[in-house]
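Each chain is listed here by its residues.
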Amino acid sequence: MVNQHTWHNLLTVISTIIFPLSVITSFFGMNVPLPYQNSLIATMTISLFFSRISWGVWVYFKKMVD
């Protein structure tokens, strides 16, 4: 059986990863012109950057829980 403390840690990790991504996607979802919006390299760079941040947060919290 999983105790309540473990559930709180899990929900904290999930919300910490999802919140910044939802803020970024809501910003880019607006119908406003953005610099480099038609550049494939810029899109891939931004995607890679935020993927690495999400992975880093996941690893950090995974080490804290274990």
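Let us look at the structure shown here. (Residues numbered from 1 in each chain as written. Predicted model: local features only at pLDDT ≥ 70, side-chain atom pairs only at ≥ 80, totals over all residues. Heavy atoms only, no water.)

### Considerations on the overall build of the protein chain
Then, in step 1: The helix and strand inventory of the protein chain stands at two helices and zero strands.
Then, in step 2: Its C-alpha atoms give the protein chain a radius of gyration of 16 Å, more than 25% over the compact-globule value 11 Å for 66 residues.
Then, in step 3: Seen along its three principal axes, the alpha-carbon backbone of the protein chain occupies a region of about 50 × 20 × 15 Å. (Helix = DSSP H or I, 4+ residues; strand = E, 2+ residues; numbered from the N terminus. Rg over C-alpha atoms; globule rule 2.2 N^0.38 Å.)

### Regarding the environment of phenylalanine 28
Then, in step 1: Positionally, phenylalanine 28 belongs in helix α1 (residues 4-28).
Then, in step 2: Those residues in contact with phenylalanine 28 that lie beyond four places of it in its chain are Leu34 and Ile46. (Contact = heavy atoms within 4.5 Å.)

### Thoughts on the packing of aromatic side chains
Then, in step 1: What the rule picks out here adds up to one aromatic pair.
Then, in step 2: A ring pair is formed by phenylalanine 49 and phenylalanine 50, whose centres lie 5.1 Å apart and whose planes are at 75 degrees; its orientation type is edge-to-face.
Then, in step 3: Residue phenylalanine 49 is classed as partly exposed on the basis of its relative accessible area, which comes to 48%. (Phe/Tyr/Trp six-rings, centres within 6.5 Å; stacked < 30°, edge-to-face > 60°. Buried < 20%, exposed > 50% of the residue type's maximum accessible area, 1.4 Å probe, protein only.)

### As for the environment of tryptophan 55
Then, in step 1: By the element assignment, tryptophan 55 lies in helix α2 (residues 40-65).
Then, in step 2: In this structure the C-alpha to C-alpha distance between tryptophan 55 and isoleucine 17, which are 38 residues apart in sequence, comes to 8.5 Å.

### Overview of a nonpolar patch on the surface
Then, in step 1: Together, Trp7, Leu10, Leu11, Ile14 and Ile18 make up an exposed nonpolar region whose accessible area comes to about 480 Å².
Then, in step 2: Within the secondary structure, tryptophan 7 sits in helix α1. (Patch = residues over 30% accessible without salt bridge, like charges linked within 9 Å, V, L, I, M, F, W, Y side chains within 5 Å. Areas by Shrake-Rupley, 256 points an atom, 1.4 Å probe, with all protein chains shown as cover. Salt bridge = Lys/Arg side-chain N within 4 Å of Asp/Glu carboxyl O.)

### What to know about the side chain of serine 54
Then, in step 1: Topologically, serine 54 is positioned in helix α2.
Then, in step 2: Apart from the residues within four sequence positions on either side, serine 54 is in contact with Ile17 and Leu21.

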